[in-house]
Amino acid sequence: MPLPFRIDWPRLWRVLLTLLLAFGAAELCVWLHTPLPWMIGPLVATALATLAGVPTQSALSLRNMGQWTIGGALGLYFTPEVLHMLATLWWAVLLGAAWALLLGWLGSQGLWWMHRGRLAGVPDGALRSTAFYASSIGGASEMTLLAERAGARTDLVAAAHTVRVTVVVLVLPFAIQWSKQHWHLQAIDMAPAVDRFQPLGFALLALLTGAGVLAMRATRRPNPWFLGALLVAMLIAALDIQLSNVPKALSNAAQLVIGISLGVRFTPAFAHGAPRWLLGSVLQTLALLAVSAVFAWLLALLTGLHPVTLLLATSPGGITEMAITAKVLQLGAPVVTAFQVCRLVAVLTLAEPLYRRWLKPDSRKN
């Protein structure tokens, strides 16, 4: 009897071999005691293999399940006590969102200045819109769609977001680990609503967070697999309903597939397509990290929160990756998540109006 669907065996084998490579790299990083071994190991190994021409493959379904897992695990940290603390910091969360918008604008100016007149076939108006959406610290896919409407080079926008997230994921955890060793940085005690695994409770947690994911997808919200699970798990924790925690092994597996999804983007064509643009994106990201560190330190003086927690909360990294970093390194995951979610909403809502206000008039002059 023929199967009701056709199995793409070559693709399946590529996915399995990539998973095997990523698992080996994660175990090596665990042995080497690197930070975030289950995400950084797969990311680096997959990126190097892909650049070398090895036919690696990421499965979108696995990445989505990874985001679902991480969203559910992070939501469980939002206990009534944590929510009360965050309610007193509403002004800081809004300030962080405003900072993200300013950071994106500063980054776009720097990226435009570095490449003005140096990218063949890209007029100044298109370069301005490309630099703006490449620097906006929001969802990469959403920024790419907005860039297409503005007549920007969407390939360069997507490349810049890939480079930015990758650089932040590689730089910040190692910098934080170094800080722990030399500055005796202490973990921040924020435990999830429940610290034990209950099979039936976990099944119900998966069912409820899955319903949240489906609702977000049905309404076409950004990042539905992460945010849908996060919001439902937040509600469960806020109501002090203790179902189950998310097993560490499942969280590690989620980090692994997210690392793979970043690494497979570094194809030879990606690396050789616009090397000057990629180098500029690396330099821009490092500069944004530096000014974010200053902003985090100043915000720490005002709030009393740890500056490293606020650096993760306000840095130009991706929401999933920064939340994972805070969770694994025990640096105030709910604080980082709250800042990052608010920032994402602000950027997705205001990026296009700000583009029209700040850059569109200048573009018409050129």
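Let me begin by describing the structure that accompanies this report. One numbering rule holds for all chains: residues counted from 1, following each sequence as written. For this predicted model, a pLDDT threshold of at least 70 governs which residues receive local features, and a threshold of 80 or more governs which side-chain atom pairs are given and counted, while totals over whole chains, interfaces and linings are taken from all residues. Computation of side-chain values covers all heavy atoms of the structure but excludes hydrogens and water.

**A short note on the packing of aromatic side chains**
Moving on, step 1. A pair of Phe, Tyr and Trp rings is counted when the ring centres sit within 6.5 Å of each other, with Trp represented by its six-membered ring. The angle between the planes then sorts it: under 30 degrees is stacked, over 60 is edge-to-face, the rest tilted. Counted under the stated rule, the structure contains eight aromatic pairs.
Moving on, step 2. Aromatic side chains Phe23 and Trp38 sit 5.8 Å apart centroid to centroid with 50° between the ring planes, which places their arrangement in the tilted category. Residue Phe23 is found in helix H1 (residues 9-32), and its partner Trp38 is found in helix H2 (residues 37-51); the two are separated by 15 residues along the sequence.
Moving on, step 3. Given a relative accessible area of 40%, Phe23 falls into the partly exposed group.
Moving on, step 4. Plain terms: the ring middles of Phe132 and Tyr355 are 5.6 Å apart, the flat faces sit at 45° to each other, and that makes the pair tilted. Placement of Phe132 in helix H6 (residues 124-135) and of Tyr355 in helix H16 (residues 333-358) is noted, with a sequence separation of 223 residues between them. For the pair formed by Phe132 and Tyr355, the shared burial category is buried. Strands are runs of DSSP state E lasting at least two residues, helices are runs of H or I lasting at least four, and both sets are numbered from the N terminus onward. Only protein chains enter the accessibility calculation, which uses a 1.4 Å probe; a residue is then buried when its area is under 20% of its type maximum, exposed when over 50%, and partly exposed in between.

**What about a nonpolar patch on the surface?**
Moving on, step 1. The patches reported here contain residues having more than 30% relative accessible area and no salt bridge. Joining distances are 9 Å for like charges and 5 Å for nonpolar side chains (Val, Leu, Ile, Met, Phe, Trp, Tyr). The method behind every accessible area is Shrake-Rupley, applied with a 1.4 Å probe, and residues are considered shielded solely by the protein chains displayed. Only one rule defines a salt bridge in this text: a Lys or Arg side-chain nitrogen within 4 Å of an Asp or Glu carboxyl oxygen. A cluster of nonpolar side chains, Trp90, Trp91, Leu94, Leu95 and Leu302, forms an exposed patch at the surface whose accessible area comes to about 540 Å².
Moving on, step 2. Among the elements that make up the nonpolar patch, the one with the highest residue count is helix H5 (residues 90-115) (four residues).

**Looking at helix H10 (residues 224-238)**
Moving on, step 1. A helix is expected to reach a length of 1.5 Å times the quantity of its residues less one. With 15 residues, H10 should reach 21 Å at 1.5 Å per residue; the first-to-last C-alpha distance of 20 Å fits that figure.
Moving on, step 2. Burial within H10 is extensive, with 11 of its 15 residues counted as buried.
Moving on, step 3. Residues of H10 that are buried include every one of Pro224, Trp225, Phe226, Leu227, Gly228, Ala229, Leu230, Ala233, Met234, Ile236 and Ala237, and no others.
Moving on, step 4. Buried positions along H10 lie against helix H3 (60-75), helix H4 (80-87), helix H9 (199-218), helix H15 (319-328) and H16.
Moving on, step 5. Asp240 lies just past H10 and shows a positive phi near 60°. Here, residues are in contact when the closest pair of their heavy atoms is within 4.5 Å.

**Remarks on the nonpolar core**
Moving on, step 1. Think of a nonpolar core as a cluster: buried Ala, Val, Leu, Ile, Met, Phe, Trp, Tyr and Cys residues, connected wherever their side-chain atoms sit within 4.5 Å. Of all hydrophobic cores here, the largest spans 53 residues; its most connected members are Leu312 and Phe339.
Moving on, step 2. Ignoring anything within four residues of it in the chain, the contact list for Leu312 reads Leu172, Ile176, Met322, Thr325, Ala326, Leu331, Val336 and Gln340.
Moving on, step 3. Judged by nonpolar contacts, the second largest core, of 31 residues, contains Ala47, Ala126, Val157 and Leu278.

**Describing the packing of H5 against H16**
A packed helix pair is summarised by two numbers, namely the angle formed by the two axes and the spacing between the axes.
Moving on, step 1. Axis lines are fitted through C-alpha atoms, for helices just across the contact stretch, and the angle between N-to-C directions can take any value from 0 to 180 degrees. At a minimum axis separation of 8 Å, H5 and H16 run at an interaxial angle of 45°. Classified by the angle their axes make, H5 and H16 are oblique. In terms of crossing hand, the pair formed by H5 and H16 is right-handed. Residues Ala92, Val93, Leu94, Gly96, Ala97, Ala100, Leu101 and Trp105 of H5 lie in contact with H16, whose contacting residues are Ala338, Phe339, Cys342, Arg343, Ala346, Val347, Leu350, Leu354 and Trp358.
Moving on, step 2. Residues were grouped as follows: Ala, Val, Leu, Ile, Met, Phe, Trp, Tyr, Cys and Pro as nonpolar; Asp, Glu, Lys and Arg as charged; and all remaining residues, including Gly, as polar. By residue class, the composition of the contact of H5 with H16 is 15 nonpolar, one polar and one charged. Should an angle lie under 35 degrees it is considered roughly parallel, over 145 roughly antiparallel, and from 65 to 115 roughly perpendicular; all remaining angles are considered oblique. Crossings are classed by handedness, with left-handed meaning an anticlockwise turn of the near helix from the far one by less than a right angle and right-handed meaning a clockwise turn.

**Remarks on H15**
Moving on, step 1. By the criterion of burial, H15 is predominantly enclosed, with eight of the 10 residues buried.
Moving on, step 2. Within the sequence span of H15, burial applies to Ile319, Thr320, Glu321, Met322, Ala323, Ile324, Thr325 and Ala326.
Moving on, step 3. A positive backbone phi angle near 55° is found at Gln330, which sits one or two residues after H15.

**Some words on the pattern of salt bridges**
Moving on, step 1. Within the structure shown, the criterion is met by three salt bridges.
Moving on, step 2. Across the salt bridge formed by Arg149 and Glu352, the nearest N and O atoms sit 3.3 Å from each other. In this pair, Arg149 is assigned in helix H7 (residues 140-149) and Glu352 in helix H16, connecting sequence segments 203 residues apart.
Moving on, step 3. Put simply, Arg153 and Asp155 hold a salt bridge, and the shortest N to O gap is 2.9 Å.
Moving on, step 4. Using a relative accessible area of 43% as the deciding quantity, one classes Asp155 as partly exposed.

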